[in-house]
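Listed below, chain by chain, are the residues.
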Amino acid sequence: MNENAAILEVHELTVRYGARTALHNVALEVYPGEIVALIGPNGAGKTTLFRAISGVVKPHSGKVFASGKDLAGLSITERARYLAVVPQARRLPAGYSVQQTVLLGRTPYLGWLGKPVSRDIQRTWQALERIQITPLCDRPVEELSGGEQQLVLLARALAQDTPILILDEPTAHLDLHHQGNLLRLVRELADEQGLAVLMALHDLNLVSLYADRVALLAEGRLLVSGSPNEVLTEENLSQAYQVPVHVSQHPLYGTPLVLPD
């Protein structure tokens, strides 16, 4: 992990929906090779933060920088060369094969005719191979399981060839096998390619195992950020989630183990 320069920088971001303030002066950074987990109860502002970072909603104030570039000054195509978003699998387009879906990751690089060139095809196959889903390449995406679809979305983001990877609840609706496989892949990609990863997760024990740092949101405010040991405490979690919790040490991994009290 390179501590010298953050790839993703969120500076005092405030987002309003009419009279309601959904985010209050949120600031965070993600460095190369680092996984930052965004946690918090439903309605805490996690989705709003992702939408503001990716340009779907316009902030009331504050800025987002990617590799030193102010994202507000970039076009949609330019922004897509800096960050890739992995949504939940239920948003996959029907009628596409796996290969066609992954190839969509190359859209920001296509010429004015919109036709892929050899490099686009090469990057698509490299992503399919890295995520180990080449046997699925001709299958319609709507015929895949939820776990397989989530891997397709990860491959599409990898083909997009960006330094920043944003994942919105990537393990939602997945069984234990697919949860572990997907998060191990994300960990490997961050380590191997130096990707800056920001992901929202509900399972705090998965956060404890896979995240380098944790950012805890509640009511649109960043309550605390730091290592899993610093953030996943009984005091912090009880305050944010408004329920009593018990935190102990995992007997195998030594990481925080979060249980309802």
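In short, a report on the structure. None of the values given here were measured: they were computed from a predicted structure.

Each value, and the rule that gives it
- Residues numbered from 1 in each chain as written.
- Predicted model: local features only at pLDDT ≥ 70, side-chain atom pairs only at ≥ 80, totals over all residues.
- Heavy atoms only, no water.
- Pairing = 2+ DSSP bridges.
- Helix = DSSP H or I, 4+ residues; strand = E, 2+ residues; numbered from the N terminus.
- Axes fitted to C-alpha atoms, helices over the stretch in contact; angles between N-to-C directions.
- Contact = heavy atoms within 4.5 Å.
- 1 Å grid on protein atoms, 1.4 Å probe; cavity = no way out; pocket = protein on both sides within 12 Å on 5 of 7 lines; lining within 4 Å.
- Points joined across faces, edges and corners; volume = space filled by probe spheres on them.
- Nonpolar A, V, L, I, M, F, W, Y, C, P; charged D, E, K, R; others polar.
- Core = buried A, V, L, I, M, F, W, Y, C linked by side-chain atoms within 4.5 Å.
- Buried < 20%, exposed > 50% of the residue type's maximum accessible area, 1.4 Å probe, protein only.
- Arc of directions from axis to C-beta.
- Salt bridge = Lys/Arg side-chain N within 4 Å of Asp/Glu carboxyl O.
- Lys, Arg positive; Asp, Glu negative; His and termini not counted.
- Polar contact = N/O pair within 3.5 Å; in protein donor to acceptor, adjacent residues only side chain to side chain.

Remarks on the sheet that holds strand E7 (residues 164–168)
Part 1 of the reasoning: Spatially, E6-E7-E8-E3-E9-E10 is the arrangement adopted by the six strands of the open sheet, whose pairing is mixed. Strand pairing shows two members of the sheet lacking a second neighbour, strand E6 (83–86) and strand E10 (221–226), which therefore form its edges. Adjacent strand axes in the sheet meet at a mean angle of 15°, parallel and antiparallel pairs treated alike.
Part 2 of the reasoning: Summarising the sheet, strand E3 (residues 35–39) and strand E8 (residues 196–200) pair through four bridges and their orientation is parallel. Along E8, the bridge assignment pairs Ile-35 with Val-197.
Part 3 of the reasoning: Where helix H1 (residues 46–54) meets the sheet, it contacts E3, E6, E7, E8 and strand E9 (213–218), and its direction lies at approximately 145° from that of E8.
Part 4 of the reasoning: With respect to the sheet, helix H9 (residues 234–241) is in contact with E3, E9 and E10, its orientation differing from that of E9 by roughly 35°.

Concerning the layout of surface pockets
Part 1 of the reasoning: Looking at the largest pocket, its volume works out to about 480 Å³.
Part 2 of the reasoning: Residue lining of the largest pocket: 17 residues in total, with Ile-76, Ala-80, Leu-83, Val-85 and Gln-160 positioned closest to the centre.
Part 3 of the reasoning: Broken down by secondary-structure element, the contributors of at least two residues to the lining of the largest pocket are helix H2 (76–79), E6 and helix H5 (146–159).
Part 4 of the reasoning: Here the lining of the largest pocket gets three residues from one element, more than from any other, and that element is E6.
Part 5 of the reasoning: Considering only residue class, the lining of the largest pocket consists of 10 nonpolar, five polar and two charged.

Examining the nonpolar core
Part 1 of the reasoning: Core analysis: the biggest nonpolar cluster contains 52 residues, and Ile-39, Val-98, Ile-131, Ile-133, Leu-154 and Leu-165 have the highest contact counts within it.
Part 2 of the reasoning: Those residues in contact with Ile-131, other than ones at most four positions away along the chain, are Leu-151, Leu-154, Ala-155, Leu-158, Leu-185 and Leu-189.
Part 3 of the reasoning: Counting 28 residues, the second largest nonpolar core, distinct from the first, contains Val-30, Val-36, Leu-38 and Ala-200.

Concerning H9
Along an α-helix, a turn takes 3.6 residues, which lines up residues three or four apart on a common side.
Part 1 of the reasoning: All of the buried residues in H9 are Asn-236, Leu-237 and Ala-240. Burial along H9 is one-sided: seen end-on, the buried residues are contained in an arc of 90°.
Part 2 of the reasoning: Just past H9, the residue Gln-242 takes up positive phi, approximately 60°.

Some thoughts on the pattern of salt bridges
Part 1 of the reasoning: Evaluated as defined, the whole model comprises 10 salt bridges.
Part 2 of the reasoning: The partner of Arg-119 in a salt bridge is Asp-161, and the shortest N-O contact between them spans 3.5 Å. A residue pair is termed long-range when its members are at least 10 positions apart, and Arg-119 in helix H4 (residues 118–130) and Asp-161 in the loop between H5 and E7 qualify at 42 residues.
Part 3 of the reasoning: Of the charged contacts in the structure, one is a salt bridge between Arg-139 and Glu-143, with a shortest N-O distance of 3.9 Å.
Part 4 of the reasoning: One continuous salt-bridge network, built from bridges that share partners, spans Arg-119, Arg-123 and Asp-161.

Observations regarding the sheet that holds strand E2 (residues 20–30)
Part 1 of the reasoning: Read across the open sheet, the four strands follow the order E2-E1-E4-E5; overall the sheet is antiparallel. Two strands bound the open sheet, and with one partner strand each, they are E2 and strand E5 (69–70).
Part 2 of the reasoning: Bridge count for strand E1 (residues 8–17) against E2 is seven bridges, and the pairing is antiparallel. Bridged to Val-10 within E2 is Leu-28.
Part 3 of the reasoning: The strands touched by H1 are E1, E2 and strand E4 (61–66); relative to E1, the strand with the most contacts, the crossing angle is about 115°.

Observations regarding the pairing of strand E11 (residues 245–249)
Part 1 of the reasoning: In the sheet, E11 pairs with strand E12 (residues 256–260) via five bridges, with the strands oriented antiparallel. Paired with Val-245 across the bridge in E12 is Pro-260.
Part 2 of the reasoning: Counting the residues that bridge the hairpin from E11 to E12 gives six residues, and of these Gly-254 lies at a positive phi of roughly 75°.

Section: the side chain of Thr-124
Part 1 of the reasoning: Structurally, Thr-124 can be placed in helix H4.
Part 2 of the reasoning: When its relative accessible area of 2% is taken as the criterion, Thr-124 is described as buried.
Part 3 of the reasoning: Excluding anything up to four places from it in sequence, Thr-124 contacts Gln-99, Val-102, Leu-103, Arg-106 and Ala-159.

Considering the side chain of Arg-79
Part 1 of the reasoning: Inspection of the secondary structure puts Arg-79 in helix H2.
Part 2 of the reasoning: Among buried charged residues, Arg-79 stands out as having no salt bridge; its nearest opposite-charge side chain is Asp-70, 6.8 Å away.
Part 3 of the reasoning: A polar contact is formed between the side chain of Arg-79 and the backbone oxygen of Ile-53, at a distance of 3.0 Å.
Part 4 of the reasoning: A polar side-chain atom of Arg-79 sits 2.8 Å from the main-chain carbonyl oxygen of Leu-71.
Part 5 of the reasoning: The residues contacting Arg-79, other than those within four sequence positions of it, are Ala-52, Ile-53, Ser-54, Gly-55, Leu-71, Ala-72 and Leu-74.

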